[in-house]
Amino acid sequence: MGKDKKEGILNAAQQAFAMPPQQRVIPWFLAQGDKTLRLEYDLDQKSIVFDLGGYQGEWTANIFARYGCTIHVFEPVREYAAHIAERFDSFDHIHVYSFGLGKKDEKAMLNVDKDSSSIFIEGDKKREITLVRANDFIQAAGISNIDLMKINIEGGEYDLLEHLIEMKAISFIKNIQVQFHDFVPNAVERMIHIQNELAKTHFITYQFPFVWENWRSNDTSPVTKQH
């Protein structure tokens, strides 16, 4: 990534970090990103998709309705995972796991708060969850290509992406749709470091700092939208 590009991403991240969350999301809502950017991909029935942070399974439902692809959904909160499993019980191509993916196998305490459940936020609804080392899961499943990985895991994205980059597993993920969160210590610095590493194998197709962004493998032509 060139110096000017790096500085542009850093400035955008710092500006977004300084904004109240309700201001950050205005460009995203104007672009109708949840109905367009998060769903518009080059997928078909042969595609493999990972949904990290399944919650109620809405994004999975929308992707499957469009493309009919195979989707692996990871949701560490057991009742949410059970709901997703029941919702898609009759769909053989949707696989639900009641654990999350991370940098290592471990138990963690998570504060349950609907789609904002996080191990990085304090609260009075703590629950023990299971995390599985991402690279080990991918290898054990015999998966050699992931067409789209959606990551919305409330702060866990930093450890996960650093792990995937370190293990070089990032190279066979075609699209990485990620929401970075600002409540993790050194969030801007860690995000910029991850983006610099991602830029070695991927390019940005859209970027709304600390809202949503997507990185696509370098084997396709870039169409970049930055906000």
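Above this text is the structure in question.
Residues numbered from 1 in each chain as written. Predicted model: local features only at pLDDT ≥ 70, side-chain atom pairs only at ≥ 80, totals over all residues. Heavy atoms only, no water.

1. Things to note about the nonpolar core
Right, so step 1: One finds Phe 50, Leu 101, Phe 137, Leu 164 and Ile 176 to be the most contacted residues of the largest nonpolar core, which totals 37 residues.
Right, so step 2: Listing elements by their share of this core, those giving two or more residues are strand 1 (48–52), helix 5 (134–140), strand 7 (148–151), helix 6 (157–166), strand 8 (175–178) and helix 7 (187–198).
Right, so step 3: Broken down by element, this core gets its largest block of residues, six residues, from helix 7.
Right, so step 4: Not counting chain neighbours up to four residues away, the residues in contact with Phe 50 comprise Trp 59, His 72, Phe 74, Leu 101, Phe 137, Ile 138, Ile 143, Ile 146, Leu 148, Met 149 and Lys 150. (Core = buried A, V, L, I, M, F, W, Y, C linked by side-chain atoms within 4.5 Å. Buried < 20%, exposed > 50% of the residue type's maximum accessible area, 1.4 Å probe, protein only. Helix = DSSP H or I, 4+ residues; strand = E, 2+ residues; numbered from the N terminus. Contact = heavy atoms within 4.5 Å.)

2. Details of the environment of Glu 40
Right, so step 1: Within the secondary structure, Glu 40 is located in the loop between helix 2 (21–30) and strand 1.
Right, so step 2: Overall, the relative accessible area of 45% leaves Glu 40 in the partly exposed class.
Right, so step 3: Dropping the residues within four chain positions of it, Glu 40 is found in contact with Arg 66 and Tyr 67.

3. Describing the side chain of Asp 147
Right, so step 1: Tracing the sequence through the fold places Asp 147 in the loop between helix 5 and strand 7.
Right, so step 2: One buried charged side chain, Asp 147, makes no salt bridge at all; its nearest oppositely charged neighbour is Lys 174, positioned 5.2 Å away.
Right, so step 3: Polar contacts involving the side chain of Asp 147 include one to the main-chain amide nitrogen of Ile 48, which spans 2.8 Å.
Right, so step 4: In contact with Asp 147, other than residues within four places in its own chain, are Leu 43, Lys 46, Ser 47, Ile 48, Lys 174 and Asn 175. (Lys, Arg positive; Asp, Glu negative; His and termini not counted. Salt bridge = Lys/Arg side-chain N within 4 Å of Asp/Glu carboxyl O. Polar contact = N/O pair within 3.5 Å; in protein donor to acceptor, adjacent residues only side chain to side chain.)

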